[in-house]
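Architecture at a glance
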Amino acid sequence: VEVLLDPGMIFVTGAHASTQMCMRELERAIQGGERVLDLGSGSGILSITAILLGAAHARGVDIDPKAEDIARENAAINQIFADRFPFLYFCAEYDLLGDGYGLVLANIVADVIIPLSRVVPEFLQEDSIFICSGILNTRLPEVLDALEKNGLQILSTEQQEDWCRVTAALLET
C-alpha cells in the first residue's frame, strides 16, 4: 500500500524502524472492517495505513497541537476524510475514546507505553490486538512486564536495529 505523507513538524515519516515494524504488523493484522485507535498518532501514518489496508475507521489521538492538522492533511492527501479518520487532540479523559476497537496502536516510547498498558485493555474487545512500538531493545523487558501485569498476552515481538515492536491481546479468561 502506498501512503502519501507530509510529516510537517511531526515525527513519523515511515523511514524509522519502529514505524516500519508497525506497518508490517498492520499488513498482517488488518482483515477488513476494523475500528482502529491510534494513540500518539503524530502524522497519522499508521491510521492512514490501517484504512488503506481495509480498516473501516481509525481514530487518531495525540498531545501535540500540530498533530491534528498535519494528520488531517495527510489523510486528505490519501483521500481519507473525517468520517473515517476522526482525530482528538490530547484526550486526558480516556472514556471519551470509547471501546471495542479491533486494533489499538501506540508507536511512542517505553516511558509512555508502560503507563498506557493500564488503560489499553479498556479499549480492546475480546479478539482485538494491541500493537506497540518505539521501544528501545534495552526497555523491552519492562514493557513486556507491564503489558502482562495489565492483562495482556504477548503474541509476538520483533526487533529492527535497536527498536522493538510488541503485539499483544487480552488474556483469555
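Our focus in this paragraph is the packing of aromatic side chains. Taken as a whole, this structure holds zero aromatic pairs when the rule is applied. Over the ring of Tyr101 we find Arg35, and its NZ or CZ is 4.3 Å from the ring centre.

All right, on to the nonpolar core then. By size, the foremost hydrophobic cluster in this structure holds 24 residues, and its most contacted members are Leu37, Leu39, Val104, Phe123, Phe130, Cys132 and Ile135. Elements that contribute at least two residues to this core include exactly β1 (35–39), β4 (101–107), α4 (110–116), α5 (120–123), β5 (124–136), α6 (140–149) and β7 (163–170). When residues in this core are grouped by element, the largest group, four residues, is from β5. Membership of the second largest hydrophobic core comes to 23 residues, among which are Met23, Ile80, Phe85 and Ile129.

Throughout the structure, instances matching the rule amount to nine salt bridges. For Arg28, the salt bridge identified is with Glu158, shortest N-O distance 3.8 Å. Linking Arg28 in helix α1 (residues 17–29) with Glu158 in strand β6 (residues 152–160), this pair joins segments that are 130 residues apart in sequence. A salt bridge links Arg139 to Glu142, with the nearest nitrogen and oxygen atoms 2.6 Å apart.

Basis of the calculations
- Residues numbered from 1 in each chain as written.
- Predicted model: local features only at pLDDT ≥ 70, side-chain atom pairs only at ≥ 80, totals over all residues.
- Heavy atoms only, no water.
- Phe/Tyr/Trp six-rings, centres within 6.5 Å; stacked < 30°, edge-to-face > 60°.
- Lys NZ or Arg CZ within 6 Å of the ring centre and 35° of its normal.
- Core = buried A, V, L, I, M, F, W, Y, C linked by side-chain atoms within 4.5 Å.
- Buried < 20%, exposed > 50% of the residue type's maximum accessible area, 1.4 Å probe, protein only.
- Helix = DSSP H or I, 4+ residues; strand = E, 2+ residues; numbered from the N terminus.
- Salt bridge = Lys/Arg side-chain N within 4 Å of Asp/Glu carboxyl O.

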